[in-house]
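What follows is the residue order along each chain.
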Amino acid sequence: MSVQILLDRIDEPGLNTLAVYERRGGYQALRKALTMEPGALVDELLASGLRGRGGAGFSMGKKASFLPKGSMEKYLVCNADESEPGTFKDRELMQKNPHLLIEGIVIATRAAEIARAFIYVRGEYAEQATILEAAVAEAYAAGLLGERILGSEHTLALVVHRGAGAYICGEETGLLDSLEGKRGNPRLKPPFPAIQGLYDGPTLINNVETLMNVPHILRLGGAEYAKIGTETSTGTKVVSVSGNVRRPGNYEIELGTPSRTIIFDLAGGPPEGRAVKAWFPGGSSSPILTAEDLDLPYDFDACAKAGSMLGSGAIIVVDDSIPILSVALKLAKFYKHESCGKCTPCREGTNWTVKMLERVESGEATSADLDTMASVQERIIGNCLCVLGDAMAMPIGSMIAKFRDELEAHIEAARARSGLVVLPQTAIAEAS
Amino acid sequence: MSADVKRFAGGSRVPGWDTAADLERDPAVVPDPATTAVPDELRSEIEARMALYPDTRSAALPALAAAQRLHGWCSPEAIEQVACVMRLTPGYLISVATFYDMLETKPVGEHAIYVCTNISCSLRGADELYAAFLAAAGDAQDLNVRHFECLGACDVAPMASVNGVYVGPLEPSDAQTIIDQVRAGSPVLEHRQLIRRPAAETLPIT
């Protein structure tokens, strides 16, 4: 597409090595940053309008400015635990251009005056973690990490930490507990990590893609960067498109590009003879949209206005050959498995949703069960420490609302097929 | 309908309710270095990891992963050795190990084959792929075939992670080939490894 920042010549051989990265102008932004005051760096980030690319879409500059000033035990954690179903942008970015991430981390730590940073990579990304470790070692050897970076006052220790397989460790406070060597249970917020995070110190947590934008902001200048995209959603976004499309993959777009362009022009649309039935705009946790929403501009605010969210920037396309029930059941089972069990609404809510969906599948349910299920979703949202429960409740709730007719027709058909007699019918039979 | 509910010992719906903890026994304490033998390689790996963090406990996951590589799973012996080096109780480490999907708390086959069956892969036939892997593996003791949550490779869906190497897109008929290759110790489906895949925009729309 028009603007290529992160995916620009991404397949250049050897880009994962320092030599090629520097030949392409790598680490020049860092050199510039080291001559600037931390406060001025934060101002550039604020001016860029960069919003977090991990899911919440919070202003990165603001987050950095929340950290207490001065030298103390502060930490930066790069969230590379990309586990939102349908999301695979960080994987390709880290694997092909690891030094861009390192440069972004060093600049961000300079802005927030942090001397220790960690990259938390999900354990499944073993190949990517190995590439990152090699890049970090190279950066250390070249004086781009460690004591007094490039002769400046800035010092940074960077460690690549591998997780061991848990969706919830992508949630920032669950990630912190996991990084502290514990079970990855989320924490109560507030206090927010910017005040009390890793080892109880102020902690800046950013997604891989967010940090990778930082060197470009320095290169272009915050104000210039803000001209890309829309007014409130600045910059480009790497969108992972998957599911029933002909060319799934990562595509970089300017925020505000019509969703139809991404799904049809870039990803090729659904296979021959099929049509888009539903799509998730921001990973499996985002409320589902339908074919009517295809002309939505792809940015944070337009997605929110349509009742969904940009989330991690992962579009999952479901075509008209797929029953919506199988999508709902797949999702509910996933969130049930991944619920850490700490909060009752999430632990019980995910479990009961699976059971009720299984009844819908077997034809044991009635349409009243769909109402019960919808009310269970409403009672999960906002009632837990983290948003894992919400992440199931939002899409499932939207599927019940938007595909109710299909679910009811499924119940009727399944009941007729299995010859089941459900309770209300039994009651009617007994009364007469 | 109630007859369909899975029942365990004593008619309980909860498995393992009757294998109660031994209340007479004291909980295991931090192992004594004098009586706990730890292989030198494992010890130095864990100690090097501990040195990287302000709080040494942060090394728990890398340490358990290292012990698992050595022992094949987080066996009581493996846990004991990690506990000894890290100066933690075995109970603490077991509580950590049971939380994470990649740490095995029961003996498993040496070759890990994780088949992604999450939403994007299942839209493209992951359930059939997983069934093919199960059928091809049979009850072989050297394989650890599991269905796994989104592995973050939906661009090559349906896919699998074979001993940490991502391959896809796969057909059910690839299951046997992969199993043969992994047993022979040769690279799996070299031309379909994710690490070699170019950016999507350079590929044809099929």
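These remarks concern the structure in this document. All values reported here derive from a predicted model rather than from experimental measurement. (Residues numbered from 1 in each chain as written. Chains lettered and ligands numbered in written order. Predicted model: local features only at pLDDT ≥ 70, side-chain atom pairs only at ≥ 80, totals over all residues. Heavy atoms only, no water.)

Some words on the sheet that holds strand 5 (residues 236–243) of chain A
Residues and elements named next belong to chain A. Quick note on the threshold: Between any two strands, pairing holds if DSSP finds at least two bridges. Here a strand is any run of E in DSSP of at least two residues, a helix any run of H or I of at least four, and the numbering for each starts at the N terminus.
If you walk across this open sheet you meet the 5 strands as 6-5-11-8-9, and the pairing is mixed. With one partner strand each, in any of the chains shown, strand 6 (249–254) and strand 9 (289–290) form the two edges of the open sheet. By the bridge criterion, 4 bridges tie strand 8 (residues 276–280) to strand 11 (residues 314–319) in an arrangement that is antiparallel. Each residue of the ladder has a partner; that of W279, found in strand 11, is V317.

As for helix 13 (residues 324–338) of chain A
All names here are of chain A. We count it as follows: To estimate how far a helix should extend, the number of its residues minus one is multiplied by 1.5 Å. Accessible area is worked out with a 1.4 Å probe on protein chains only. A residue is then buried under 20% of its type maximum, exposed over 50%, and partly exposed in between.
Taking 1.5 Å of rise per residue, 15 residues should cover 21 Å, and helix 13 covers 21 Å from first to last C-alpha, within 8% of that figure. Across the 15 residues that make up helix 13, a large majority, 11, are buried. Among all positions of helix 13, only I324, L325, V327, A328, L329, K330, L331, A332, F334, Y335 and E338 are buried.

With respect to the pairing of strand 1 (residues 75–80) of chain A
All names here are of chain A. The buried count for strand 1 comes to 6 of 6 residues, which makes it a mostly enclosed element. Side chains Y75, V77 and N79 of strand 1 all project onto a buried face; the interleaved residues L76, C78 and A80 project onto the opposite face, where all are buried too. Two elements, strand 1 and strand 2 (residues 116–121), share 6 bridges in a ladder whose sense is parallel. Within strand 2, the position partnered with Y75 by the bridge is R116. Two strands pair when backbone bridges link them, and strand 1 and strand 4 (residues 203–207) are joined in this way by 5 bridges, in the parallel orientation.

A short note on the sheet that holds strand 1 (residues 111–116) of chain B
Residue and element names in this part refer to chain B. Here is the rule we go by: Between N-to-C directions, angles span 0 to 180 degrees; the directions come from axes that are lines fitted to C-alpha atoms, helices contributing only their stretch in contact. Note on contacts: a residue pair qualifies if any of its non-hydrogen atoms lie within 4.5 Å across the two residues.
With mixed pairing, the 4 strands of this open sheet are ordered in space as 2-1-3-4. Since the sheet does not close on itself, it has two edges, and those belong to strand 2 (143–148) and strand 4 (165–167), each with one partner. On average, adjacent strands in this sheet sit at an angle of 20° to one another, irrespective of strand direction. In the sheet, strand 1 pairs with strand 3 (residues 160–162) via 3 bridges, with the strands oriented antiparallel. Directly across from V115, in strand 3, lies its bridge partner A160. Its contacts with the sheet place helix 6 (residues 126–137) against strand 1, strand 2 and strand 3, and it is angled at close to 165° to strand 2.

Comments concerning the pairing of strand 5 of chain A
All names here are of chain A. By the criterion of burial, strand 5 is predominantly enclosed, with 8 of the 8 residues buried. Residues T236, V238, S240 and S242 point to one face of strand 5 and K237, V239, V241 and G243 to the other, with burial holding for every one of them. Strand direction decides the pairing type here: strand 5 and strand 6, joined by 6 bridges, are antiparallel. Residue pairing in the sheet places V239 in a bridge with Y251 of strand 6. Between the end of strand 5 and the start of strand 6, which pair antiparallel, lie 5 residues. Pairing of strand 5 with strand 11 involves 4 bridges; the strand directions are parallel. Its bridge partner being in strand 11, S242 is matched across the sheet by I316.

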